[in-house]
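Here is what each chain is made of, one letter per residue.
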Amino acid sequence: MPAAAAAGASNSSDAAYRSNLNALAAILVAGARANGSAVGAAGASPDAAYGLALCRGDFRGDACARGLRDALYSAVNDSEGVFGCGPPRLRDITLFYDRYQLRLSGADFVSGGGGNAPRWAGNNTNFVTPDNAARRFDALVLELVTTIAGVAVGKPSRYATGRSWFEEQRLTLFALVQCTVDMSPERCRECLDGLISAFPATFPSGQHGGRILVPRCTVRYETDNTFFNTADLSVDLHKQKQAKPSKVWLWTTIAVVSLLLLSASFLLHRWIKIRRKREIARLELRRLSIAVKNVINLWRLEEGNSGFSLYDFSQMKGATNGFSIENKLGQGGFGAVYKGVLPDGLEIGVKRLGPCSLQGLLEFKNEIQLIAKLQHRNLVRLLGCCIEGEHEKILVYEYMPNKSLDLIIFDNKKGASLDWPKRLNIIEGIAQGLLYLHVHSRLCVVHRDLKASNVLLDSQMNPKISDFGMARIFSSSVAESNTTRIVGTHGYIAPEYASDGVCSVKSDVFSFGVLLLEIISGTMTTGSYRFEGKLYKLIAYAWLLWRAGQWPELVDRSLGNGTYDCTMERHVHVALLCVQESADDRPAMDEVVRMLGSGDGAVLPEPKQPAYFNVRPVGTEMSASCDMTITITLSR
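Just so it is clear, the model here is predicted, and its values are computed rather than measured.

Enquirer: Give me the lowdown on the sheet that holds strand β4 (residues 100-105), citing residues and values where you can.
Expert: The 4 strands are arranged β1-β2-β4-β3 in an open sheet whose pairing can be described as antiparallel. Pairing within the sheet leaves two strands with one partner each, and these edge strands are β1 (37-42) and β3 (92-96). Each adjacent strand pair in this sheet contributes to an overall mean axis angle of 5 degrees, direction not counted. Judged from the 6 bridges that link them, β1 and strand β2 (residues 49-55) form a sheet pairing that is antiparallel. Residue V39 lies in a different strand from β2, and its bridge partner there is L52. Lying on the sheet, helix α2 (residues 61-76) is in contact with β2, β3 and β4; it crosses β4 at an angle near 35 degrees.

Printed below as a string of structure tokens:
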């Protein structure tokens, strides 16, 4: 290209950049007038202009706008490069004034949240204290600026001031910190911490005044110099001591003694109350231990040939290799679970009750009294128990080699091994197990904690519901019960139970619906899932996909492969019917089993909006002490 042509192109580019600077100046002035700081951009690459402006926190509104307007005018029209950075010489300028600061650049430092690379440090050369006092003064400076930095990051203005009295030299220390208002509290804190950490290397020890400035934040301190408006101080540390009136010490002593007496009385009351509670707890534990022994004796008399065995502690210790860590399968609600092998080769699961609480003994008693009588292929079978003295309580179950369902479906690699027919078998088994508990067992049992981790898998991947902790037997036929203590796992608890303590078989139906969605999707109910730019829990996400006709997006990717079994749609449909807000709208388990097994011709009702539609995932569990699993039993 000829030299003349090249010069013409350069002039044209500079003119375009200057035009963009003018447009940017208007943006920055307007934003700073409204908010005290502003960032912005104007034009398109390669002549785009990017800028940032920050006015001191007590210098706002029109005054800020006028000062910035003058500085911007000088920078934009700097044709001779007076500042060493205006067009046409260099497209990057950073200006610091007493009340405002400004950066303009042809490079995009705005979108990435940057803009702090160019730094300028200035400090006064006031009186410097002796060495020991200097170190104490430095510590006071760091304490003050760190304290007000913590205040600034929490304020919308990102601006805070403070002062502190330095008794040793009889002087007042003033400090100011500020960030641009577009910075998040975290980014503002990071910027200020970077400046504060540079103090020791920037200022001589004991220096009475200094500042470190970067475009997006600033830190400054002075002594006996109110360089900002002190009408609205954020922090006032170590105030100057005032002369105390005579005999103040007497009243102070009276107040302290009175406070000590009140504290001692309160602590004595608490000690007596705690001691009384412990005594009541010991009596209750002793009473329940006797009840447990009575249950054991009842089994010996009435259920001798039922297949329920009473084991010696030595047998359990030998079967688990002394309850070794190598045999430990996991930690249950009331103690550890071990794998054991009896002398005849039978593999067992051994749940050793820890010294937990009254609820632990109650779980043990009710499990052996009630759940051992429940016999179904989709319920984990309780083989027996062991009781040794006052402390050892052990439950013995059939061993499930494939452990719990959650360890497989929520693992990408293991989940791929469960194709749709296998998942159908698991779903059907869980449904049949619940149907037995609700309809076909001797008593109507409400599990209340059905979830993936409480579904165990045998060697053939057949499901078995486990963890029947605490049962409640009612003297008359009832459809539901009320309780003041809500237990279970977040994400699976029915809304009427969580809010009002109302529990029924429909509570288990809700949990089954949640579990069904997890098995289909391979994802957890407590996760967050994006739909049209917003995050939802799994239940709400599934319903939104259903309404939009996009239900295949819910299906685990290892199952879809572009084609979807017609039964998948039906199972999603049934799951959404189970998680409806109202318990009356949910089908009973016999209806659920019928709908899951019906052909394509059966018409299902359209599901209504599910529960917890607007509740964000929390990922925490609601449970009683020791993470107890609860089962309610309703008499028929």
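Enquirer: Account for the state of the cysteines, with residues named and values stated.
Expert: Here is the idea: a disulfide is a covalent bond, and it sits between the sulfur atoms of two cysteines. For the structure on display, the rule yields 3 disulfides. Here C55 pairs with C64 through a disulfide, and the sulfurs are 1.8 Å apart. Measuring handedness by torsion sign, the sulfur bridge of C55 and C64 sits at about 80 degrees and is right-handed. Covalent S-S linkage joins C179 and C188, the inter-sulfur distance amounting to 2.2 Å. Where C179 bonds to C188 through sulfur, the torsion about that S-S bond is close to 85 degrees, and the disulfide is right-handed.

Enquirer: Would you mind going over the packing of aromatic side chains in detail, with residue names and values included?
Expert: For the structure on display, the rule yields 12 aromatic pairs. Taken together, a centroid distance of 5.8 Å and an interplanar angle of 35 degrees make the contact between F199 and Y221 tilted. Here Y221 lies in strand β9 (residues 217-223) and F199 lies in helix α5 (residues 199-202), a separation of 22 residues in the sequence. By relative accessible area, F199 is classed as buried at 5%. Residue classification places Y221 among the buried residues on the basis of a relative accessible area of 3%. Of the aromatic side chains, those joined through ring pairs into one cluster are F137, F166, F199, F203 and Y221. Of note, R103 hangs over the ring of F109, and the distance from its end group to the ring centre comes to 4.4 Å. When the ring centre of F227 is taken as origin, the NZ or CZ atom of R220, which lies over that ring, is 4.1 Å away.

Enquirer: Just give me the short version of helix α11 (residues 420-440), but keep the residues and values in it.
Expert: With 21 residues, α11 ought to run about 30 Å at 1.5 Å a step, and its terminal C-alpha atoms sit 28 Å apart, in line with that. For α11, the capping residue at the N-terminal end is D419, with a side-chain oxygen 3.0 Å from the backbone nitrogen of K422.

Enquirer: I'd like to hear about the pairing of β3, residue by residue, with values.
Expert: Side chains of β3 alternate between two faces, with I93 and L95 buried and D92, T94 and F96 left unburied. Of the strand pairs in this sheet, β3 and β4 are connected by 5 bridges, and their pairing is antiparallel. For D92, the partnering residue across the bridge sits in β4 and is S105. The hairpin turn running from β3 into β4, its antiparallel successor, is 3 residues long.

Enquirer: So what's going on with the confidence of the model for the protein chain? Residues and values would help.
Expert: Chain-level statistics for the protein chain give a pLDDT mean of 81 and a share of 77% at 70 or above. Scored below 50 in pLDDT, residues 470-479 makes 33 contacts in the model with residues more than four places away or belonging to other chains. Considering only residues more than four positions removed or in separate chains, one finds that residues 617-635, a stretch of pLDDT under 50, has 88 contacts.

Enquirer: Explain the environment of S184 to me, and be specific about the residues and the numbers.
Expert: Summarising the element assignment, S184 is placed in the loop between β7 (171-179) and α4 (185-197). Residue S184 is classed as partly exposed on the basis of its relative accessible area, which comes to 25%. Sequence separation between S184 and V153 is 31 residues, and the spatial gap between their C-alpha atoms is 7.9 Å.

Enquirer: I'd like a rundown of unusual backbone geometry, residues and numbers included.
Expert: A cis geometry characterises the amide bond from S45 onward to P46, with omega recorded as 10 degrees. Here P46 is to be found in the loop between β1 and β2. With a phi angle near 55 degrees, F323 is a residue other than glycine that sits in the positive phi range. The topology assignment puts F323 in the loop between α7 (313-319) and β12 (328-331). Of the residues examined, F323 reaches a relative accessible area of 10% and is grouped as buried.

Enquirer: Account for the packing of helix α3 (residues 131-152) against α4, naming residues and giving values.
Expert: Contact geometry for α3 and α4: axes closest at 10 Å, N-to-C directions at 175 degrees. As far as their axial angle goes, α4 and α3 are roughly antiparallel. Residues L142, V145, T146, A149 and G150 of α3 form the contact with α4, whose participating residues are R189, L192 and I196. A per-class count over the contact of α3 with α4 returns 5 nonpolar, 2 polar and 1 charged.

Calculation notes
Residues numbered from 1 in each chain as written. Predicted model: local features only at pLDDT ≥ 70, side-chain atom pairs only at ≥ 80, totals over all residues. Heavy atoms only, no water. Pairing = 2+ DSSP bridges. Helix = DSSP H or I, 4+ residues; strand = E, 2+ residues; numbered from the N terminus. Axes fitted to C-alpha atoms, helices over the stretch in contact; angles between N-to-C directions. Contact = heavy atoms within 4.5 Å. Disulfide = S-S within 2.5 Å. Phe/Tyr/Trp six-rings, centres within 6.5 Å; stacked < 30°, edge-to-face > 60°. Buried < 20%, exposed > 50% of the residue type's maximum accessible area, 1.4 Å probe, protein only. Lys NZ or Arg CZ within 6 Å of the ring centre and 35° of its normal. Expected span 1.5 Å × (residues − 1). Polar contact = N/O pair within 3.5 Å; in protein donor to acceptor, adjacent residues only side chain to side chain. pLDDT = per-residue confidence, 0-100. Parallel < 35°, antiparallel > 145°, perpendicular 65-115°, else oblique. Nonpolar A, V, L, I, M, F, W, Y, C, P; charged D, E, K, R; others polar.

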